[in-house]
Amino acid sequence: MLLFCLPYAGGSEAIYYKWKNCLHQSIELYPIELKGRGKKMDKGFYENIEEAVDDIFNNIKYKINNTDYAIYGHSMGSLLAFELYYKIEKMKFPKPKHIFFSGYEAPSIIRKKENTYNLSDYDFIKRIIELGGTPKELIENKELLEIFLPIIRNDFKIIENYNYQEREHKIECDISVLYGNQEDISLANILSWKNHVSSGFKIYNLEGNHFFINENITNISNIINSTLLRNKINTKKIEYGVK
């Protein structure tokens, strides 16, 4: 089974590299690189979430036709995973077996309108430091910071300009929702994910702040392994008519 992983704001595919050795051998890690960073540094930035989702879909569409797959997204990656599901449905491609939404409240939650991406460099840097997850070495390195700031500023722009649209159909596959016990997301807003799914729904509360995924690689890998291996067993039961 393929596991497509979508990064948080400012993140690249590299944030998921450490997962490879923790995942079961039957799960193939496939982190997605977004434009404007890493090996796609020269590709420019997305204007909105729709552009990002179109690009992700074009990257995976030939892979999802012939194999089972799941999607994991953290923070901005969760929003991308949500919209990607409906892009896949619209294009009539096979749907994922499971989606892991991590570090993000349900997209239907009305958020306070912010324009963080328009802040001065000083105030913007202060804001991202408050969120945590940004290495001290990066903040203190002027050259790296000049590369990083436009990336995360644009990510904030497409998130903050996102307009949720209610869908006619709920997500049909099972979902798991993961969040940190120290992050600024209420349990009620986490539970609101249940309104978006017609199938199985599980919540996992992990130790840490918004960037809990960086300190919980083993725990999260265990959740993924048990979830997807169970899903694989259930799929075989259906295929072979076992009840």
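A brief structural summary. These figures come from a predicted structure and were not determined experimentally.

### Observations concerning the nonpolar core
Argument step 1. By size, the foremost hydrophobic cluster in this structure holds 51 residues, and its most contacted members are Leu80, Leu84, Ile99 and Ile171.
Argument step 2. Only strand E1 (2-6), helix H1 (49-60), strand E3 (69-74), helix H2 (76-90), strand E4 (98-102), helix H3 (121-131), helix H5 (142-160) and strand E5 (174-180) provide two or more residues apiece to this core.
Argument step 3. In terms of residues, this core owes the most to one element, H2, which gives nine residues.
Argument step 4. In this view, leucine 84 contacts Leu6, Val53, Ile56, Phe57, Ile60 and Ile71; residues no more than four positions away in its chain are not counted.
Argument step 5. Tyr16, Leu29, Phe100 and Ile224 belong to the second-largest nonpolar core, a separate cluster that totals 24 residues.

### Describing the layout of surface pockets
Argument step 1. Approximately 320 Å³ is the volume attributed to the second largest pocket.
Argument step 2. Together, 15 residues line the second largest pocket, and Glu83, Tyr86, Lys87, Lys90 and Arg167 are the ones closest to its centre.
Argument step 3. For the lining of the second largest pocket, the elements supplying multiple residues, two or more each, are H1 and H2.
Argument step 4. Sort the elements by how many residues they give to the lining of the second largest pocket and H2 lands first, with five residues.

Conventions adopted
- Residues numbered from 1 in each chain as written.
- Predicted model: local features only at pLDDT ≥ 70, side-chain atom pairs only at ≥ 80, totals over all residues.
- Heavy atoms only, no water.
- Core = buried A, V, L, I, M, F, W, Y, C linked by side-chain atoms within 4.5 Å.
- Buried < 20%, exposed > 50% of the residue type's maximum accessible area, 1.4 Å probe, protein only.
- Helix = DSSP H or I, 4+ residues; strand = E, 2+ residues; numbered from the N terminus.
- Contact = heavy atoms within 4.5 Å.
- 1 Å grid on protein atoms, 1.4 Å probe; cavity = no way out; pocket = protein on both sides within 12 Å on 5 of 7 lines; lining within 4 Å.
- Points joined across faces, edges and corners; volume = space filled by probe spheres on them.

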